[in-house]
Amino acid sequence: MSLAKHQRPHVGIFGCRNVGKSSLINIISGQDIAIVDSYAGTTTDPVAKTFELTGLGPIVLIDTAGIDDRGDVGVKRVAASYKKISEIDLAVLVLINNTWSDYEEALLVEFEKFNLPFFIIHNKSDIQPISEEFQAFLKSRVRCDILEFSAVTSHRLNNLSLLVDLLKKNMPDSVFNNPTLLGDLVSYGSNVLLITPIDVQAPAGRLILPQVQAIRDCLDNDCITTVIKEREIETYKAMNYPTPDLVVTDSQEFLKVDAAFDKSIPLTSFSILLARFKGPFEKYLEGTRKIESLEDGDSILVLESCSHHVAGDDIGRVKIPRWLRSYTGKELSIEVVAGLNSPPRPLSEYSLVIQCGGCMLTRKQLINRLQPAIDAGVPVSNYGLVIAYCLGIFNRAVSVFGHHDDSVNYL
Ligand SMILES: Nc1nc2c(ncn2[C@@H]2O[C@H](COP(=O)(O)OP(=O)(O)OP(=O)(O)O)[C@@H](O)[C@H]2O)c(=O)[nH]1
Ligand SMILES: [Mg+2]
């Protein structure tokens, strides 16, 4: 079993104040990452730390504030802890003193809502060992692994290897089975051409995540990979390079690249590859067709999941609205929500939800972000697919994955 290269499993540690959550993070990581104190309410905001766990690879451990915190600020801390549940792959619930209260019960309901795997650590067992009655109760109530533990390092119950075994055992398979970005589209020796414009929105000195992932995937699959800017396409062709087996372009250069390469050459975009890698791709394909029937006055919600400085020609705020209005010719109301903030209105009031590629999100975060819209029956789509659709090259861009829809209009 090898870990998906681009997705680090996120593990959240939950429980009431003072049960030893931060102590556990420090023990697992072998570092003093989190502040530990006998004061109840030491941890305030969630704290995330990435480190390498032997046999599992890099994971992100998230320490949270106690779920029984009180007062105005305490309630906000509890909400921040709860918010993490939709973003993680595995939870560890920490208990002490053979106690199961309404707080754990409420947490369990939320775990179940998100289908989140979890196990229990009965901590401070050096002071109060776990009783047989409590174990029996837990087994009947939660049916998960339970570990009697002590965070006191000199105590016999401080068994880190058992704890690590439980982390590995309970990690969901989905974390390991992520599709590759483009590995299934190429084979040994394939010629892959990647077109990556370096414009004002490109981060200084770096490439964006899907570009880096694509290069890594090509190398992993023994491809002959060429990376150029859109301005070098003609030079590339003039140099008699072999015909590419696959062309991947930045969505914003779709039209130019579409025109430059014969229709028989498979072409898609980085953001569509990312949409397939991370998002509910079938739902996106279905939802994108909603563009065809948009009406005057329809509201569209754009979910921009990373927080970046908004430049003049911002893709979510300026370009996508422009492309949508120009393709449909309709008066559309387009609202943008940044980060993981909540939409301003109930989701059922939108005709279409358009999600960004989600470079900064885990697959779990992205799916959970869109699930309420899917549940409300609102069509969902993604930046790359909407751009391809509005530019009239949707079919070419998704044919690469074996999808083709004759009902889709070409410009
Ligand atoms: N005896 C004993 N003390 C422990 C154990 N685990 C943690 N403690 C102590 O319990 C206190 C609270 O530990 P923390 O790790 O800060 O607990 P927490 O759950 O992160 O607390 P908050 O951040 O306040 O919610 C500290 O004084 C720890 O040293 C344990 O297994 N046995
Ligand atoms: Mg703490």
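Note that the coordinates shown come from a computational prediction; the quantities given were computed from them, not determined experimentally.

A closer look at the packing of helix α10 (residues 281–288) against helix α13 (residues 383–390)
Helix packing for two helices is described by the angle between their axes and how far apart those axes are. Contact geometry of α10 with α13 gives a least axis separation of 10 Å together with a crossing angle of 30°. Helix-helix and strand crossings are classified by hand; for α10 and α13 the assignment is right-handed. Across from Phe 281, Tyr 284, Leu 285 and Thr 288 in α10, the residues of α13 making contact are Leu 385, Val 386 and Tyr 389. Looking at side-chain class alone, the contact of α10 with α13 contains 6 nonpolar, 1 polar and no charged residues.

Overview of the coordination of the magnesium ion (ligand 2)
Coordination sphere of the magnesium ion (ligand 2), protein contribution only: Ser 22 (OG) and Thr 43 (OG1), at 2.0 to 2.1 Å. One end of the pair, Ser 22, is in helix α1 (residues 21–29); the other, Thr 43, is in the loop between α1 and β2 (47–53), with 21 residues separating them in the sequence. Accessibility expressed as a relative area gives 13% for Thr 43, which makes it buried.

Quick word on the sheet that holds strand β11 (residues 299–304)
In space, the 4 strands of this open sheet follow the order β12-β11-β13-β14, with parallel pairing throughout. Looking at the sheet topology across the chains shown, the edges are occupied by β12 (333–338) and β14 (380–382). Within the sheet, the average angular offset between the axes of one strand and its neighbour, ignoring direction, is 25°. As defined by bridge partners, β11 adjoins β12 across 6 bridges and the pair is classed as parallel. Note that in β12 the partner of Val 302 across the bridge is Val 336. Where helix α11 (residues 315–328) meets the sheet, its contacts fall on β11, β12 and β13 (352–355), and the angle it forms with β12 comes to roughly 150°.

Here's the deal with the domain arrangement of the protein chain
Each assigned domain of the protein chain is listed here: domain 1 (10–175), domain 2 (183–272) and domain 3 (281–399). If you average the C-alpha positions of domain 1 and of domain 3, the two centres end up 36 Å apart. Between domain 1 and domain 3, the residue contacts involve 8 residues of the former and 5 residues of the latter. Both sides of the domain 1 and domain 3 interface together cover about 570 Å² of buried area, and 47% of this is carbon and sulfur. By the criterion of area lost to domain 3, the three top residues of domain 1 are Ser 86, Glu 87 and Phe 114, representing 58% of everything that side buries. At the junction of domain 1 with domain 3, the criterion picks out 3 residue pairs in polar contact (both at pLDDT 80 or more). Along the lines of polarity and charge, the residues of the side of domain 1 that touches domain 3 split into 3 nonpolar, 2 polar and 3 charged.

Some details on unusual backbone geometry
Among all residues save glycine, negative phi is the norm, and among peptide bonds the norm is trans. One non-glycine residue, Asn 115, adopts positive backbone phi at about 55°. Mapped onto the fold, Asn 115 is located in the loop between α3 (102–113) and β5 (118–122). Positive phi values are uncommon outside glycine, yet Asn 240 reaches one of about 55°. Tracing the backbone shows Asn 240 in the loop between α7 (233–238) and β9 (246–249).

A look at the site of ligand 1
Taken together, 24 residues sit near ligand 1, with Lys 21, Ser 23, Gly 41, Thr 42 and Ala 151 positioned nearest. In this structure, an oxygen atom belonging to ligand 1 sits 3.2 Å away from a main-chain N or O atom of Val 19. Contacts to ligand 1 include Thr 43, whose backbone N or O atom sits 2.8 Å from an oxygen atom. Coverage of ligand 1 by the protein chains reaches 86% of its 650 Å² of free accessible surface.

Section: the nonpolar core
Looking at soluble globular proteins, one finds that nonpolar side chains tend to be buried together. In terms of nonpolar packing, the biggest core is built from 72 residues, with Phe 254, Phe 261, Ile 320, Leu 324 and Val 353 touching the most fellow members. With 7 residues, the top contributor of residues to this core is α13. Both domain 2 (183–272) and domain 3 (281–399) contribute no fewer than three residues apiece to this core. By size, the runner-up hydrophobic cluster in this structure holds 50 residues, among which are Val 19, Leu 53, Leu 138 and Val 164.

Things to note about the confidence of the model for the protein chain
Per-residue confidence for the protein chain averages 89 on the pLDDT scale, and 93% of its residues sit at or above 70. Contacts for the low-pLDDT stretch residues 1–6, under 50 throughout, to residues beyond four places or in other chains number 18 contacts.

Details of the pattern of salt bridges
Applying the stated rule across the entire model yields 15 salt bridges. Arg 216 is the partner of Asp 220 in a salt bridge, and the nearest nitrogen-oxygen pair spans 3.1 Å. Of the two residues, Asp 220 and Arg 216 both sit in helix α6 (residues 209–220), 4 residues apart, roughly one turn of that helix. Judged by relative accessible area, which is 32%, Asp 220 ranks as partly exposed. Counted as one network, the salt bridges with shared partners bring together Arg 17, Asp 68, Asp 69 and Arg 77.

Notes on the pairing of β11
Each regular strand carries side chains that alternate between the two faces of the sheet. Across the 6 residues that make up β11, a large majority, 6, are buried. Where burial is concerned, the two faces of β11 agree: the one with Ser 299, Leu 301 and Leu 303 and the one with Ile 300, Val 302 and Glu 304 are both buried. With 4 bridges connecting them, β11 and β13 associate as parallel partners. Paired with Leu 301 across the bridge in β13 is Val 353.

Structural notes on the state of the cysteines
In the structure shown here, the tally under the stated rule is 0 disulfides. With no disulfide of its own, Cys 16 lies closest to Cys 144 among cysteine sulfurs, the gap being 16 Å. The exposure class assigned to Cys 16 is buried, which follows from its relative accessible area of 10%.

Side note on the sheet that holds β2
Spatial strand order, β2-β3-β1-β4-β5-β6: 6 strands in an open sheet with mixed pairing. Edge strands, defined here as strands with exactly one partner in the open sheet, are β2 and β6 (146–148). Across the sheet, the mean angle from the axis of one strand to that of its neighbour is 25°, orientation sign disregarded. The sheet contact formed by strand β1 (residues 10–15) and strand β3 (residues 57–63) spans 4 bridges and is parallel. Within the sheet, the bridge partner assigned to Ile 13 lies in β3 and is Asp 63. In the packing of α1 onto the sheet, contacts are made with β1, β2, β3, β4 (90–95) and β5, and the angle to β3 comes to roughly 165°. Running over the sheet, helix α4 (residues 132–142) touches β4, β5 and β6 and is turned about 170° from β5.

What counts as what
Residues numbered from 1 in each chain as written. Chains lettered and ligands numbered in written order. Predicted model: local features only at pLDDT ≥ 70, side-chain atom pairs only at ≥ 80, totals over all residues. Heavy atoms only, no water. Axes fitted to C-alpha atoms, helices over the stretch in contact; angles between N-to-C directions. Helix = DSSP H or I, 4+ residues; strand = E, 2+ residues; numbered from the N terminus. Left-handed = near helix turned anticlockwise from the far one by under 90°. Contact = heavy atoms within 4.5 Å. Nonpolar A, V, L, I, M, F, W, Y, C, P; charged D, E, K, R; others polar. Donors = N, O, S within 2.8 Å, 3.2 Å for Na, K, Ca; no water. Buried < 20%, exposed > 50% of the residue type's maximum accessible area, 1.4 Å probe, protein only. Pairing = 2+ DSSP bridges. Domains from an automatic or database assignment. Buried area = accessible area lost by both parts, 1.4 Å probe. Polar contact = N/O pair within 3.5 Å; in protein donor to acceptor, adjacent residues only side chain to side chain. Near = heavy atom within 4 Å. Areas by Shrake-Rupley, 256 points an atom, 1.4 Å probe, with all protein chains shown as cover. Core = buried A, V, L, I, M, F, W, Y, C linked by side-chain atoms within 4.5 Å. pLDDT = per-residue confidence, 0-100. Salt bridge = Lys/Arg side-chain N within 4 Å of Asp/Glu carboxyl O. Disulfide = S-S within 2.5 Å.

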